[in-house]
Amino acid sequence: MAGHSHRSSVKNGHKPFKSKHASKGSLKKVFKGKVEKESKQGKTNKVVSKLERKNLSKQLRQKKILSTLEAKKLFEGNNGAKKIITVIPLTADVYADDIVKKLILSAETIEKTEEDLDFDLKTPSVTNFKINKFKTTLQVVIPDMSNFINILDCAKVADFVVFGLSGTSEVDVEFGEQIIRALEFQGIASYMGVVTNLSAVHPKEKFQLDVKKSLESYFRHFFPTEESIFNLEKPSEALNAIRTLCQKYPRSIKWRDARGYLLADNIDFMETSEDKGHLIVQGIVRGSGFNVDRLIHLPGMGDFNVSKIEKLTASRRSKSSSEASNDGTEFSPSADRDSLEEFAAQDMEMDWSDYEDGFEYDNLTAARYDDHGFLPGREQEAKKVRLPKGTSEYQARWYLDDVIEVGEEEEIDEDEDDIEMDEQEQGEDSMMVEDEEGFQQEPQVTEMDTQTEVDGDEMFVELSPEEEERQLREYREQEKDDLEFPDEIELDPNASAIETLKSYRGLKNLHNCVWDVDEKDPECPKEWNRVLRVGNFKNTMKKLKKEAIRSAQVVAGDTVRLYIDVPKFILEKIAEPKAEIFAVYSLLKHEHKNAIVNFSIERWEEYDKPVPSSEPIIVQYGIRRYIIAPLFSSASNSPNNVHKFERFLHQNFVSVATCIAPVDFTQSPAIFFKTSPTDPKGIELVGHGSFLSADHTRILAKRIILTGHPFKFHKKLVTIRYMFFRPEDVEWFKSIPLFTKSGRSGFIKESLGTHGYFKATFDGRLTAQDTVAMSLYKRVWPKTSLPWTDKIN
């Protein structure tokens, strides 16, 4: 057929090669960049429908409305609570009384001037103002600006904090910014920024607005949610400021509102004996409420019992409840009343009667505790944690949750030395040989080591004592210039390392070792077995918070009168409630008891002085202030709860501070201070953090590093000097592994001469610039704390 040409209508390529098994290359090409998802056990994530999302948002909206209604009930009505306003000027040319007068004057319906106002505000003072325009009563608190602690206390109980800024002077870093930072760390409810002297900047309003914008930018740096500040020289802005204070409901501070507290309106004293009496405090309850069986805390004075609570008037919350008590009800303590004991009784000790007496350190790498049954060549059952015979109900309260229960039996291998040696033997050649008498410190010599010793060992020549001392001095001068290890120590050549380091132990891995929490140690504090032991801190905390709300006899909004049992000398520390605030806080159950407590701590960026461990500092956590000697440790999460002790609090790192102090079940923020060296009455902000937990099982291990200098090299066999200075010291620490700064690991092979030289075998070649090191660990114990009751005047 003319003009015909064949064209394929379907363009099919060549058929792919069909193999039974795909090659590795083809699989890699197909799945390139894809990550295989693991199959999840149990329920899968359900796709939320639009109707369910709308229902969830509706529930959240209703919850918000209910919380607002609860706050409304607290402040509204004839017996409603006053809104506490704390005024804090941040510069020297701004005055708190001037801020208050401008705010109150703006709410007056009749034209008045500051001279017409019939009140005289002092510093410090607590004054009530009834704002008829907004049907609200404000309780204005002016703190003593020369007393940093008083500023913190006034802001702690406030519903609103009004910060006074200046248009003519900047906020001082050491004063104003320190106050703002401390209040942020402490926790602040609601806040507001005002300025009172913009007219002194420039007569033209245009330039005043520029300064105001600059102040707003500065204020947003600390409080990002505040978009503007109020110029109180303008009546309209001053009116908006007072309207905000009167009509806006304050935000909640969780740790503060988890307990009951009140600000005293009236204080009286009723004498009951020669040196004791009832401190009668009247005020409006805030927070979760009060229970007469719980203790109360007076800041700067201590913890006390409550002998009676009188409810004078009930809040709208109580009156709307069917279970509310009538006005005039009195509450007296019951048999479940908390005691003022800080530690358990002296006879509250663990039962060690089945064990042998005595304590000695062994000749290996760890402490041997014969009274715990840790003896060489013999396995013992771990002693169960139990209460001593005849323990009373009172003493049983010092063991919370699962600690009082007898746990499952656990088996412990031989003593800690043997456990550590077993760990070292895993994955490498054994460094110990076991015979009938126990573990001997004899390393196994391999064929490679024997060949090295025969081929490369040179004649060892001892140096004269003078030459040895000269070379040692030169080496240590080089070490001072460049310390490779922060925990490095130097042994005295004339002292025995065995005696110096007898309390230290060698560990292959700090976070995998077995360490007994209740080990016997001569350095263990006498209060160790008498502190409160909390098994599950989070569950206990939730339980006690719910119990406090459920058992409250007077709730937020009730006007009450507390009868507090106090000694007479307390009256000297109490000022007139109209001149200085007097706050009363309720304690949750067990919060008076001392425990092994842990704080997170981070240095304030403006504090540049060293903060060593065990140095006394002042901590404010929640409602308490204590002088503690904290032990800093790494904020790690180790499976055995053993953490490395840190000698200093370093900048830009979060550490954990451990001490013995009263427990806090609200996990409140913590602020750390030191007394100012220039001003004995002043304090300096050191750091901030929070109360983490009460954990007696957290073990702090202090590490030291012995370093040696590689002297002679032959392949992997190296001669080390200046780590030890006696051959018996080398033999004593022979079983502890070595490491280098370059990452090599090894062990001591044998001792050389009489000056502490030794041979060591490593898993790779070393260089002359390398440093050989050995880690040793020792347990450090937390120290007790004292309440800080000094008032700075």
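See the structure above.
One structure accompanies this document, and this report is about it. (Residues numbered from 1 in each chain as written. Predicted model: local features only at pLDDT ≥ 70, side-chain atom pairs only at ≥ 80, totals over all residues. Heavy atoms only, no water.)

A closer look at the sheet that holds strand 5 (residues 190-195)
Pairing in this open sheet of six strands is mixed, and the strands run 2-3-1-4-5-6 from one edge to the other. Edge positions in the sheet fall to strand 2 (125-131) and strand 6 (230-231), since each has one partner strand and no second. Bridging between strand 4 (residues 160-165) and strand 5 involves six bridges; their strand directions are parallel. In the strand pairing of strand 5, L165 is matched with V195. (Pairing = 2+ DSSP bridges. Helix = DSSP H or I, 4+ residues; strand = E, 2+ residues; numbered from the N terminus.)

Here we look at the pairing of strand 24 (residues 594-603)
Each regular strand displays side chains that alternate between the two surfaces of the sheet. Of all 10 residues that make up strand 24, nine are buried, and the element is covered over most of its length. In the sheet, strand 24 pairs with strand 31 (residues 683-694) via seven bridges, with the strands oriented antiparallel. Bridging across to strand 31, V597 finds its partner in A694. (Buried < 20%, exposed > 50% of the residue type's maximum accessible area, 1.4 Å probe, protein only.)

A look at the packing of helix 4 (residues 148-156) against helix 5 (residues 173-186)
For any two helices packed against each other, the geometry comes down to the angle between their axes and how far apart the axes lie. In contact at an axis separation of 10 Å, helix 4 and helix 5 are set at 45 degrees when each is read in the N-to-C sense. Classed by the angle they form, the pair helix 4 and helix 5 counts as oblique. The chirality of how helix 4 crosses helix 5 is right-handed. Residues F148, I151, L152, A155 and K156 of helix 4 form the contact with helix 5, whose participating residues are Q178, I179, A182, L183 and Q186. Classifying every residue of the contact of helix 4 with helix 5 by side-chain character gives seven nonpolar, two polar and one charged. (Axes fitted to C-alpha atoms, helices over the stretch in contact; angles between N-to-C directions. Parallel < 35°, antiparallel > 145°, perpendicular 65-115°, else oblique. Left-handed = near helix turned anticlockwise from the far one by under 90°. Contact = heavy atoms within 4.5 Å. Nonpolar A, V, L, I, M, F, W, Y, C, P; charged D, E, K, R; others polar.)

Regarding a nonpolar patch on the surface
Side chains of L27, V30 and F31 sit close together on the surface and give an oily, nonpolar patch of about 300 Å² of accessible area. Judged by its relative accessible area of 53%, V30 falls in the exposed class. (Patch = residues over 30% accessible without salt bridge, like charges linked within 9 Å, V, L, I, M, F, W, Y side chains within 5 Å. Areas by Shrake-Rupley, 256 points an atom, 1.4 Å probe, with all protein chains shown as cover. Salt bridge = Lys/Arg side-chain N within 4 Å of Asp/Glu carboxyl O.)

Digging into the packing of aromatic side chains
Across all of its chains, the model carries 18 aromatic pairs by this definition. With centroids separated by 5.5 Å and ring planes inclined at 20 degrees, the aromatic side chains of F537 and F665 adopt a geometry described as stacked. You can see F537 sitting in helix 15 (residues 537-550) and its partner F665 sitting in the loop between strand 29 (655-662) and strand 30 (669-675), a full 128 residues away along the chain. Accessibility expressed as a relative area gives 0% for F665, which makes it buried. Ring plane angle 85 degrees and centroid distance 5.4 Å describe the contact between F599 and F691, whose orientation is recorded as edge-to-face. Pair noted here: F599 is in strand 24 and F691 is in strand 31, with a separation of 92 residues, a long-range link. Judged on exposure class, the residue F599 and its partner F691 are both buried. One aromatic cluster is present, built from ring pairs that chain together F537, F599, Y621, F665, F672 and F691. A cation over a ring is seen here: K308 above Y563, with NZ or CZ 4.4 Å from the ring centre. (Phe/Tyr/Trp six-rings, centres within 6.5 Å; stacked < 30°, edge-to-face > 60°. Lys NZ or Arg CZ within 6 Å of the ring centre and 35° of its normal.)

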